[in-house]
Amino acid sequence: MEDLGKLINTRIEKINAIREMGINPFPYNYAITDFSADIKDNFDSYNKDNEEFKPVTVAGRIMSVRLMGKAAFCTIHDKKGNIQLYVAQKNIGDKYYDLFKILDIGDIIGVKGIVKKTQVGEITVYIDSLTLLTKNIRPLPIVKEKDGEVYDAFHDKELRYRNRHLDLIVTHGVKELFEKRTRIIKIVKRILDIKGFLEVETPILLPIYGGANAGPFTTYHNTLDMLLYLRISIEPYLKRLIVGGIDRVYEIGKCFRNEGMDRTHNPEFTMLELYQSYADYNDMMDLTEELFEDTCKELYGKTEIEFDGKTISLKRPWRRLKMIDAIREYADIDIESLSDDELKNIIKKHGGELKSAFVRGLAINEIFELLVEQHLIQPVFITHQPLETTPLCKVDYEDERYLQRFELFINGSEFANAYSESNDPVFQRKTLYDQSLRKEADTEASPMDENFVQAIETGMPPTGGLGVGIDRMVMLLTGERSIRDVLLFPTMKPEK
RNA sequence: GGGAAAGUAGCUCAGUAGGUAGAGCACCGCCCUUUUAAGGCGAUGGUCGACGGUUCGAGUCCGUCCUCUCUCACCA
């Protein structure tokens, strides 16, 4: 680190030298009129036969310098890309050429000039004015490039995640990836807005948590002298809004689960949850297909995407398969003909485990997760989960052992989860109460939410509800295999 | 939590039998007015992730720990 200190000190001394030249190394603004990509894309409008020129003013960060005595080429990076500058002493004068010579990679400059092609045909701004806009003092990682091939890329993932500002500057495609993430979320919102869903914001700090099976984060409010939880789902509040008559409602926001971290799990992650009155889980399937297919089509103009070396087709309709039929198809097991003990043996044999006391429905779900999930590559709605898997869903009227629920699987992992929402207040009170009693044995069971149950007692219309993991959707649509690559600032342990 | 791999200069990486720590780029000095991984000459720069051990001697061998990556487990 001492060496880095030396490098930084050298640059701090340059700041003093620049001030002694009568130049402010940190001026207040700069009127940009042009951007790199626009100049390159519309060369003809900036240069007519090398005789008529439309002057440009561009600004950006110095990414490389090739200095040759009394003239230099350098490349700057602005919000639209890179462009080369030709900096000649005779064009900008001795004083500003002296300034240019002590500038570093990482400094931000503004330049004025005319656009020409060099001998080898690269569109270049031949500058006649140089303004230092910000002096850098901390060296950037140096990334080299030739013919589109990148050398010495900023590879270290830890450094990239911890220093996303550097990653955005020097790693190709990172900025574009996060722009795409934002675009995906905007498309999803637009689709929902057009359908008449109201976007809302509900509390993240809660006195009581629920809506999912997950460990919560806790925090503390000093004035109220009380423990608060960070939400693990948005469901309990959106359902209150459904009761309140906002009959199509959604929120896209952070949820927090105090659980393990891996390639597809970050402690804080972004969920879409939506609720639609007078709809059921079939309507939610249609809507889910639409959200994924239309977003993909708008991004890429097609419905096939490459992911993890596989081609995945998001073209609707997708397959709809009952959980027990999926188990029969992929594991060749006829669940309904088997005894509890036989289910236990299957789970044991495949290395699964059951929480607390044996519950047949949870065992079936476990077998599905152990034996089927990984095979579900193309989009498929797995429906009719056993009723014990959640207390918030209506049972199917054809077979009350199973739910009107689906989970969407793509490439072996879950992307969405939806119910025909339970709105029977007597049933709801009982199941939530029963679950709260299980809390001793099952740390992920939620405590009783009295206010939520009272809302349901007020009368919630028949409602379809849908939850989509936005980060995973972004991963799918960008081809990224790690959630950390679609989060600007993934959760990291502090550096020592 | 298990397994595997990794951590050496600001960045990207070498470092072979345990014997004074290397390269490219960046940075510093000099030359250079069409370069583009610019080039040439020269110089600086390191607690080899941390701590302990073995040894005359450890980047290298052993142990513990830290961080990250991959993977398995866990996970609505």
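All values reported here derive from a predicted model rather than from experimental measurement.

Student: Quick one: what's the story with the overall build of chain A, residue by residue and with numbers?
Tutor: On a plain count of helices and strands, chain A comes out with 16 helices and 22 strands. Computed over C-alpha atoms, the radius of gyration of chain A comes to 29 Å, more than 25% over the 23 Å expected from 2.2 N^0.38 for 496 residues, which places it beyond the range of a compact globule. Taken over the C-alpha atoms alone, chain A extends approximately 90 × 55 × 50 Å along its principal axes. Out of the 496 residues in chain A, the part that is buried amounts to 47%. For chain A, long-range pairs separated by at least 24 residues make up 65% of all intrachain contacts whose partners lie at least 6 apart in sequence. The positive charge centre, built from 67 side chains, and the negative charge centre, built from 81, are 6 Å apart in chain A.

Student: Hey, could you go over the nonpolar core for me, with residue numbers and the actual values?
Tutor: Leu272 and Leu274 are the most contacted members of the largest nonpolar core, which totals 43 residues. Sort the elements by how many residues they give to this core and helix H10 (residues 281-300) lands first, with 8 residues. Among the nonpolar cores identified, the runner-up in size contains 27 residues, and Ile83, Leu85, Val87 and Ile109 belong to it.

Student: Give a detailed account of the sheet that holds strand E14 (residues 248-256), specifying residues and quantitative values.
Tutor: As summarised here, the arrangement of the 8 strands in space is E10-E14-E15-E22-E21-E20-E19-E18, forming an open sheet in which the pairing is mixed. Each edge of the open sheet carries a strand with a single partner, namely strand E10 (198-199) and strand E18 (319-322). The pairing of strand E15 (residues 268-277) with strand E22 (residues 463-469) spans 7 bridges and is classified as antiparallel. Considered in E22, the bridge of Tyr275 is made with Gly465. Contacts from helix H11 (residues 323-331) reach E18, strand E19 (380-383) and strand E20 (405-410) within the one sheet, and its direction differs from that of E18 by about 95 degrees.

Student: Quick rundown of helix H12 (residues 340-349)? Include the residues and the values.
Tutor: Taken together, the buried positions of H12 are occupied by Leu343, Ile346 and Ile347. Buried residues along H12 cover an arc of 95 degrees about the axis, so they all sit on one side. Summarising the geometry of H12, the exposed residues directed more than 90 degrees from the buried face are Asp341, Lys348 and Lys349. On the buried face of H12, the contacting elements are helix H13 (360-371). Phi for Gly351, located one or two positions after H12, is positive at around 80 degrees.

Student: How would you sum up a negative patch on the surface? Please name residues and give values.
Tutor: Residues Asp44, Asp49, Glu51 and Glu52 make up a contiguous surface patch of negative charge. Owing to a relative accessible area of 67%, Glu51 belongs among the exposed residues under this scheme.

Student: Requested: an account of the packing of aromatic side chains, with residues and values cited.
Tutor: Tallied over the entire structure, the rule returns 9 aromatic pairs. Between Phe292 and Trp318, the aromatic rings sit 5.9 Å apart at their centres with planes inclined by 75 degrees, giving edge-to-face as the arrangement. Pair noted here: Phe292 is in helix H10 and Trp318 is in the loop between strand E17 (310-313) and E18, with a separation of 26 residues, a long-range link. The residues Phe292 and Trp318 share a single accessibility class, namely buried. Through a chain of ring-to-ring contacts, the aromatic side chains of Phe292, Trp318, Phe381, Phe406 and Phe415 assemble into a single cluster.

Student: Summarise the sheet that holds strand E12 (residues 218-221); cite the residues concerned and give the values.
Tutor: Through backbone hydrogen bonds, the strands of a sheet pair up, either in parallel or in antiparallel fashion. The strand order E11-E13-E12 describes an open sheet built from 3 strands, whose pairing is antiparallel. A strand with exactly one partner marks an edge of an open sheet, and here the two such strands are strand E11 (205-206) and E12.

Student: So what's going on with the pattern of salt bridges? Which residues, and what values?
Tutor: With the rule as written, the count across this model stands at 37 salt bridges. With a closest N to O distance of 2.7 Å, Lys239 and Glu235 form a salt bridge. Linking Lys239 with Glu235, this pair stays in helix H9 (residues 235-243), spanning 4 residues, or about one helical turn. Assessed through its relative accessible area of 1%, Lys239 is described here as buried.

Criteria and cut-off values
Residues numbered from 1 in each chain as written. Chains lettered and ligands numbered in written order. Predicted model: local features only at pLDDT ≥ 70, side-chain atom pairs only at ≥ 80, totals over all residues. Heavy atoms only, no water. Helix = DSSP H or I, 4+ residues; strand = E, 2+ residues; numbered from the N terminus. Rg over C-alpha atoms; globule rule 2.2 N^0.38 Å. Buried < 20%, exposed > 50% of the residue type's maximum accessible area, 1.4 Å probe, protein only. Contact = heavy atoms within 4.5 Å. Lys, Arg positive; Asp, Glu negative; His and termini not counted. Charge placed at Lys NZ, Arg CZ, Asp CG, Glu CD. Core = buried A, V, L, I, M, F, W, Y, C linked by side-chain atoms within 4.5 Å. Pairing = 2+ DSSP bridges. Axes fitted to C-alpha atoms, helices over the stretch in contact; angles between N-to-C directions. Arc of directions from axis to C-beta. Patch = residues over 30% accessible without salt bridge, like charges linked within 9 Å, V, L, I, M, F, W, Y side chains within 5 Å. Areas by Shrake-Rupley, 256 points an atom, 1.4 Å probe, with all protein chains shown as cover. Salt bridge = Lys/Arg side-chain N within 4 Å of Asp/Glu carboxyl O. Phe/Tyr/Trp six-rings, centres within 6.5 Å; stacked < 30°, edge-to-face > 60°.

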